[in-house]
Amino acid sequence: MLPNIQIPSTNAVISTAASVAATTMLVRSFAKDFVPHEIRQYILTKFRYFLATFTNEIIVVVDEYEGLNKNQLFSAAEIYLGTIFNHSTRIFRASLPEKEKKIHVSVEGNEELRDKFCGFQLKWRMTIRQTQARYVPYPDEYSSTIQSEFRYFQLSFHKKYKNKVLDEYLPYIVEKSKSIKQERKTLKLLTLKSERHGPRGNPWQSVNLDHPATFETLAMDTEIKNMVIDDLERFVNRKEFYRKVGKAWKRGYLLFGPPGTGKSSLIAAMANYLNFDVYDLELTDIRGNSELRRLIISTANRSILVVEDIDASIDLSERGQAAPPRPLPMYPSPYNQGTKVTLSGLLNFIDGLWSSCGDERIIVFTTNHKDKLDPALLRPGRMDVHIHMSYCTPCGFKMLVSTYLGITEHPLIMEVEQMIGTTKVTPAEVGEQLLKSDDPEVVLRGLIEFLEKKKESEEAKAFKENLEVTKAEVLPKPEEEKDGASRDMKDVKSLEGLKELIEMVQASPANAGELVIKRDKASIALKGLIEFLDGKNRVEDIKASETNSGESTSAKVQESCKEVKI
Ligand SMILES: Nc1ncnc2c1ncn2[C@@H]1O[C@H](COP(=O)(O)OP(=O)(O)OP(=O)(O)O)[C@@H](O)[C@H]1O
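Starting from 1, residues in each chain are numbered consecutively following that chain's sequence as written. Given that the model is predicted, a residue must reach a pLDDT of at least 70 before its local features are reported, and side-chain atom pairs must reach 80 or more before they are shown or counted; all residues, however, enter totals for whole chains, interfaces and linings. Heavy atoms from the whole structure form the basis of all side-chain values; hydrogens and water molecules are not counted.

## Quick notes on the overall build of the protein chain
Then, in step 1: Within the protein chain one finds 21 helices and 15 strands.
Then, in step 2: Working definition: with a 1.4 Å probe on protein chains only, accessible area under 20% of the residue-type maximum means buried, over 50% means exposed, and in between means partly exposed. In the protein chain, which comprises 566 residues, the proportion classed as buried is 38%.
Then, in step 3: Nonlocal contacts in the protein chain, meaning residues at least 24 apart in sequence, comprise 68% of its contacts between residues at least 6 apart.
Then, in step 4: Only the protein chains shown count as cover for residues, and the accessible areas themselves come from Shrake-Rupley with a 1.4 Å probe. Summing over all exposed atoms, the protein chain offers an accessible surface of approximately 33,500 Å²; the carbon and sulfur share of this is 54%. Per the convention used, a helix needs a DSSP run of H or I reaching at least four residues, while a strand needs a run of E reaching at least two, with both numbered from the N terminus. Contacts are assigned to residue pairs with any non-hydrogen atoms lying within 4.5 Å of each other.

## Things to note about the packing of aromatic side chains
Then, in step 1: Between the rings of Phe, Tyr and Trp (Trp by its six-membered ring), a pair exists once the centres lie within 6.5 Å; its type follows the angle of the planes, with under 30 degrees stacked, over 60 edge-to-face, and the other angles tilted. Counting across every chain of the model gives 14 aromatic pairs.
Then, in step 2: Centre to centre, the rings of W124 and F153 are 5.6 Å apart; their planes meet at 85 degrees, and the pair counts as edge-to-face. You can see W124 sitting in strand β7 (residues 120-137) and its partner F153 sitting in strand β8 (residues 144-158), a full 29 residues away along the chain. The burial state of W124 is the same as that of F153; both residues are buried.
Then, in step 3: Taking 5.6 Å as the distance between ring centres and 85 degrees as the angle between the ring planes, the aromatic pair formed by F215 and Y273 counts as edge-to-face. You can see F215 sitting in the loop between β10 (204-208) and α5 (222-236) and its partner Y273 sitting in helix α7 (residues 263-274), a full 58 residues away along the chain.
Then, in step 4: Classification of Y273 as partly exposed rests on a relative accessible area of 35%.
Then, in step 5: An aromatic cluster of three or more residues is present, and its members are F74, Y80, F117, F120, W124, F153, Y161, Y169 and Y172.
Then, in step 6: Directly above the aromatic system of F241 lies the positively charged group of R238, at a separation of 4.0 Å from the ring centroid.
Then, in step 7: For a ring to carry a charge above it, either NZ of a lysine or CZ of an arginine must fall within 6 Å of the ring centroid while also lying within 35 degrees of the normal to the ring plane. The lysine or arginine in question, K370, covers the ring of F256, its NZ or CZ lying 4.5 Å from the ring centre.

## Structural notes on the side chain of T127
Then, in step 1: Structurally, the position occupied by T127 is in strand β7.
Then, in step 2: At 3.4 Å, the side chain of T127 and the side chain of Q154 are in polar contact.
Then, in step 3: The residues contacting T127, other than those within four sequence positions of it, are N110, F150, R151, Y152 and Q154. Counted as a polar contact is a pair of N or O atoms within 3.5 Å, where, for protein atoms, one must be capable of donating a hydrogen and the other of accepting one, and residues adjacent in sequence contribute only when both atoms are in side chains.

## A short note on the pattern of salt bridges
Then, in step 1: Salt bridges are identified by distance alone: a Lys or Arg side-chain nitrogen within 4 Å of an Asp or Glu carboxyl oxygen. Taken as a whole and assessed by the stated rule, the structure comprises 16 salt bridges.
Then, in step 2: Here E360 and R302 are joined by a salt bridge, their closest N and O atoms 2.8 Å apart. With a gap of 58 residues between them, E360 in the loop between α10 (343-356) and β14 (361-367) and R302 in the loop between α8 (289-297) and β13 (303-307) connect regions that are remote in the sequence.
Then, in step 3: You can call E360 buried: its relative accessible area is 8%.
Then, in step 4: For R302, a relative accessible area of 28% corresponds to the partly exposed category.
Then, in step 5: One salt-bridge network, held together by shared partners, links E64, K70, E78 and R151.

## Points about the side chain of Q433
Then, in step 1: Tracing the backbone through its elements, the reader meets Q433 in helix α14 (residues 427-434).
Then, in step 2: Sequence-distant contacts of Q433, that is, excluding residues within four places in its chain, are made with V443, G446, L447 and F450.

## Some details on the site of the ligand
Then, in step 1: Inspection of the region around the ligand gives 16 residues, with A219, G260, K263, S264 and S265 positioned closest.
Then, in step 2: The contact in question runs from an oxygen atom of the ligand to an N or O atom on the side chain of S265, over 2.7 Å.
Then, in step 3: Relative to its unbound accessible surface of 620 Å², the ligand loses 72% to contact with the protein.
Then, in step 4: Mapped onto the shell around the ligand, the elements with two or more residues apiece are α7, α12 (394-404) and α14.
Then, in step 5: Top contributing element to the shell around the ligand by residue count: α7, with three residues.
Then, in step 6: Of the residues belonging to the shell around the ligand, the class tally is eight nonpolar, seven polar and one charged.
Then, in step 7: A domain assignment, automatic or from a database, supplies the domain bounds used here. Split by domain, the shell around the ligand shows at least three residues from each of two domains, domain 2 (189-326 + 334-388) and domain 3 (394-460). Here, proximity means that at least one heavy atom of the residue falls within 4 Å of the molecule or strand. Under the scheme applied, nonpolar residues are Ala, Val, Leu, Ile, Met, Phe, Trp, Tyr, Cys and Pro; charged residues are Asp, Glu, Lys and Arg; polar residues are all the others, including Gly.

## Overview of α8
Then, in step 1: Those residues of α8 that fall on the buried side of the exposure criterion are E291, L292, L295 and I296. All buried residues of α8 lie within an arc of 135 degrees about the axis, which places them on one face of the element. This arc is taken over the directions from the axis of the helix to the C-beta atoms.

## Structural notes on the pairing of strand β12 (residues 277-280)
Then, in step 1: Note on pairing: DSSP must find at least two bridges between two strands before they are called paired. Taken together, the two bridges between strand β9 (residues 188-192) and β12 define a ladder with parallel strand orientation. Paired with L190 across the two strands is Y279, which belongs to β12.
Then, in step 2: Note that β12 and β13 share four bridges and pair parallel. From the neighbouring strand, D277 faces β13, where its bridge partner is S303.

## A word on the pairing of strand β15 (residues 385-388)
Then, in step 1: Side chains V385 and I387 of β15 all project onto a buried face; the interleaved residues H386 and H388 project onto a face where none is buried.
Then, in step 2: For strand β11 (residues 250-256) and β15, the ladder comprises four bridges, and the chain directions are parallel. When the sheet's bridge partners are listed, Y253 is paired in β15 with V385.

## Here we look at α12
Then, in step 1: Listed as buried for α12 are G396, F397, M399, L400 and V401.
Then, in step 2: Count one or two residues on from α12 and you reach G406, which has phi positive near 70 degrees.

## Focus on the packing of α12 against α14
Then, in step 1: Only the stretch in contact is used when a helix axis is fitted, and all axes are lines through C-alpha atoms; the angle between N-to-C directions ranges over 0 to 180 degrees. In contact at an axis separation of 10 Å, α12 and α14 are set at 35 degrees when each is read in the N-to-C sense. Viewed along their axes, α12 and α14 form a crossing whose handedness is right-handed. From α12, F397, L400, V401 and Y404 reach across to α14, where they touch P427, V430, G431 and L434. By the definition used in this description, the sense in which the near helix is turned from the far one sets the handedness, with an anticlockwise turn below a right angle giving left-handed and a clockwise turn giving right-handed.

## Some remarks on the confidence of the model for the protein chain
Then, in step 1: Of all residues in the protein chain, 72% have pLDDT values of 70 or greater, and the mean over the chain is 77.
Then, in step 2: Confidence scores labelled pLDDT are given residue by residue by the predictor and lie between 0 and 100. Mean pLDDT values for the elements of the protein chain range from 44 in helix α20 (residues 539-544) up to 95 in α7.
Then, in step 3: Predicted confidence is poor over residues 509-521, with pLDDT under 50, and the contacts of this stretch with residues over four places away or in other chains come to 22 contacts.
Then, in step 4: Scored below 50 in pLDDT, residues 560-566 makes twelve contacts in the model with residues more than four places away or belonging to other chains.
Then, in step 5: Reported confidences for the modelled complex are a pTM of 0.63 and an ipTM of 0.97.

## Points about a nonpolar patch on the surface
Then, in step 1: Two joining distances apply to patches: 9 Å for like charges and 5 Å for nonpolar side chains (Val, Leu, Ile, Met, Phe, Trp, Tyr), and every residue must have over 30% relative accessible area and no salt bridge. On the surface, F47, F50, L51 and F54 cluster together into a nonpolar patch covering about 460 Å² of accessible area.
Then, in step 2: Position of F47 among the secondary structure elements: in helix α2 (residues 37-52).

## Some details on the sheet that holds β11
Then, in step 1: Judged by pairing direction, the sheet is mixed, and its seven strands sit side by side in the order β10-β9-β12-β13-β14-β11-β15 without closing on themselves. In the strand order of this sheet, the two ends are held by β10 and β15, each with one partner. Pairwise comparison of adjacent strand axes, ignoring direction, gives a mean angle of 25 degrees for this sheet.
Then, in step 2: Here β11 runs beside β14; their pairing, made up of seven bridges, is parallel. In the sheet register, G252 faces β14, and the bridge partner there is I363.

Have a look at this one:
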C-alpha cells in the first residue's frame, strides 16, 4: 500500500517558489547593500571551494597584475584567446590601434571560451571586477594611469590534466602569443630621447618604421643578396647552436661603400625580413661609456642596433682614451657637449656587456671609409660579415628597372647596362633618373644622357688628378728649388732636358704622360703635349692651382716648350 503522501497543490508550489525567490532577492540586495565587497568575495570563493569538492574541475586564476607589474601570462592569454574564438562566442572586442594594419580581437568580460589541447577540453572566462582606484605605471615607467577595475582569467579543466596544463599548455600559450605578437607587430624605429634624465625610464622613443625596402627591391648582386639572406636565416634559427658553443646569440654586420649605394636601405630590408625593430644609435649624442652601457642594456631582444657612419661618430685612433671633445655647438645642452665614448668602450660593449645582456641581437655599422676603421673593430666576432655596397652594376640596374618601371625588356636596356658597367654611378642616382617619367623610352634615354655626362665629368676629373701627379713628378719641389739641387727649369730648353722631362712624364700613368708616350721623338712628343694642353684648355686649370711662388711653373714649362725648335 502506498503511503499517504499529500501532493501540494500547484498554487502552493508557485507561492513557495515565489517566496523563496523573493527571499533570495531580499538577501542578495541586503548583502549587496550591507556586506562589504571583500567579504562577499570571500564567501563566494569559499562557496566555490565547497562546490569544487563535489566536482572534478580545477580552476586556475590568472590575474592581470602581479604586484605593480603586468602578469605576462595574462597578456599572453589575452593575445592567444583573440585567435581561438569559436561559434559559441557571442561578444568580443575589436580594435585597430593607430598606425597598425591588422585588427586586434580580444575576449570580452564574462564570455566563456572553449579550447582543446592534446585531446582534452579547457574553458576560459575573463572576469572584470570593480575595485578602488589605484595608480598603475605605464610600461615606459614615466607615467601612470588610474585603474578602477580588476581583470582576471579563470581557466577550468579536469583535475587529472593539472600537470599537463601547468607544464605544457600554459608554456604553449606563452610561446604562441609571442609568435602572434611578432606577426602582427609594426616595426619600430627607436631613437634616443633628447630628455633622458635619471637612471630609470626608457631612454628610447619610437616611431613606426614604415620603410618599403625589401630584398626584392634592393639593387644588389644576386649572389651577395642571397648570401645575406642565408646568413640571417641561419642566425635566427641557431638559438641552440649558439648556446651549445657558448657564444652570445648576436651577429655583427659592417656595410661599407660610397653614399647612395643602399646601406640604409639594406638595414631596412633586413628589419622587414626579420621583423626586428631598429635602434638608431647616434654616438655623438652620448655623454660617455657609462651612458652607452645604459642605452645598450635598455634595448630589446630581436632587434637591430645601427651605428651609421661609424668613422665619423667616434675617434677611432685613440683606443682606451677619451676622444677629444668636439667643438661646442651653438646651443649646448647636457647631451651635446662633445662625445666621450671611446673606441675601447665601444669594443667592450660589442663583445662584453652587450653580448651577455640579450638574445637575437644584430648590430650594424655603416661607413663610407672602411680603410679608416681600426682593425680591432673589424675582426670576426665583432663584425662577422662585411658587405661591400658598390656602385650600380648591370645586374643591380636590371632590378631597379624592373621595380621602378615594371619592365624587364626594352631595346635600350642593353645599351644602359653596358654604360653602367663602365661608369661609377650609384643606385640612388639611377633610381632618381628612373623616377623622372612613366614612359620607359623617355626614362632610358634620359638615363643614357645622364650616364654620358657622368662619364665625361669622371674622365675630366681623372685627367685633372693625373695631371697633378705628372706635375708633381716633373716639376722641382719648392725645397729643391731653394737649395739649387734640382734641375733648373731653364734646362728644359735643351733637348737633353726635354728628353729627361719626357722620360719622367712617361714614367707616370697619367693621361698627359700617355699622350707623350705615344710619340717616339722628344720634339714631337713635346709638341703633342703642348697641343694637348692648349687644345683641352687645361692650362688655365693648372695655373689656378699653382702656388704663389713667383712666376707660374706651368707657364714656365709652356714657355720653355715654345722656345724649342720643333
Ligand atoms: N642598392 C639599392 N637598391 C635600391 N635602391 C637604392 C639602392 N641604393 C640606394 N637606393 C635608393 O637611394 C636612396 C638612398 O639610399 P641609402 O640611404 O640606402 O644609401 P646609403 O648608402 O645609406 O647612403 P648614405 O651613406 O649617404 O647614408 C634610397 O632611398 C633608395 O631609394
